[in-house]
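# Breakdown of the fold
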Amino acid sequence: MELRGVEELMDLLHACRGTPAHDGGTSGPVDLHEHALQTAALLRRSRPADKELQVAGLVHVIGRLLVPGAPTRHARFAADAVRHLLGERVARLVHDSPHASDLDPHTEADTLALRQADEAGRVPGFDAGVLEDWRTLLELVAEQHSRLGAVD
């Protein structure tokens, strides 16, 4: 599945509400929707200038909705879904984040930062804002990617 626009991505992120953040159907402390918001918010705090990294933190969860019950493929499907809309770097970060512990931390610091935020972004009661707060940033990253694609 390839996302056609920010609105479709926003709809998918809204659909994460109520979906357990842990595989196996066990209810964790937060759902996928809240987990996505927390991960992105943690990256915004630690890396405020890196908009693509923050967006990767927000969208990394969508693979769970695209391929339910296939935990080993979630990251690949999420990356494939956002590549056309948000660019290669965001897709690579989303794809590599589950494997960050296997990567060289010096060459893959961004992937490691995403993985750490992913692990930390599961706290009940942590106010990470609302999804609508991220619309403008998603549109900005999508627009930048679109302009870069037009230049190539």
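The text that follows walks through the structure, step by step, so that each part is easy to find. Keep in mind it's a predicted model, so treat the numbers as computed, not measured. (Residues numbered from 1 in each chain as written. Predicted model: local features only at pLDDT ≥ 70, side-chain atom pairs only at ≥ 80, totals over all residues. Heavy atoms only, no water.)

With that settled, the discussion passes to the packing of helix α2 (residues 32–46) against helix α7 (residues 109–120). It is at 8 Å that the axes of α2 and α7 come closest, and there the two elements cross at 130°. Overall, the two elements α2 and α7 adopt an arrangement that is oblique. Between α2 and α7 lies a crossing whose hand is right-handed. Residues His35, Gln38, Thr39, Leu42 and Leu43 of α2 form the contact with α7, whose participating residues are Ala113, Leu114, Ala117, Asp118 and Ala120. (Axes fitted to C-alpha atoms, helices over the stretch in contact; angles between N-to-C directions. Helix = DSSP H or I, 4+ residues; strand = E, 2+ residues; numbered from the N terminus. Parallel < 35°, antiparallel > 145°, perpendicular 65-115°, else oblique. Left-handed = near helix turned anticlockwise from the far one by under 90°. Contact = heavy atoms within 4.5 Å.)

Another aspect to go through is the pattern of salt bridges. Scanning the model with the defined rule gives 15 salt bridges in all. A salt bridge links Arg135 to Glu7, with the shortest nitrogen-to-oxygen separation between them at 2.7 Å. Here the residue Arg135 occupies a position in helix α8 (residues 135–151), and Glu7 occupies one in helix α1 (residues 6–15), the gap between them amounting to 128 residues. Judged by its relative accessible area of 18%, Arg135 is buried. Across the salt bridge formed by Arg83 and Glu88, the nearest N and O atoms sit 2.8 Å from each other. Note on Arg83: relative accessible area 27%, which makes it partly exposed. A cluster of three or more residues bridged by salt bridges with shared partners is formed by Arg47, Asp50, Glu52, Arg89 and Asp110. (Salt bridge = Lys/Arg side-chain N within 4 Å of Asp/Glu carboxyl O. Buried < 20%, exposed > 50% of the residue type's maximum accessible area, 1.4 Å probe, protein only.)

Right, let's get into the environment of Arg122. Tracing the backbone through its elements, the reader meets Arg122 in the loop between α7 and α8. Note on Arg122: relative accessible area 23%, which makes it partly exposed. Put simply, Arg122 and Thr39 are 83 residues apart on the chain and 8.1 Å apart in space, counted from C-alpha to C-alpha. Engagement of the side chain of Arg122 in a polar contact is seen with the backbone oxygen of Asp118, the distance being 3.4 Å. (Polar contact = N/O pair within 3.5 Å; in protein donor to acceptor, adjacent residues only side chain to side chain.)

On to the packing of helix α6 (residues 88–96) against α7. Running from N to C, α6 and α7 cross one another at 55°; their axes reach a closest spacing of 9 Å. In terms of axis orientation, α6 runs oblique to α7. Two packed elements cross with a definite hand, and for α6 against α7 that hand is right-handed. Contacts between α6 and α7 involve Arg89, Arg92, Leu93, Val94 and Asp96 on the former and, on the latter, Asp110, Thr111 and Leu114.

Keep in mind these numbers describe shape, not what the thing actually does.
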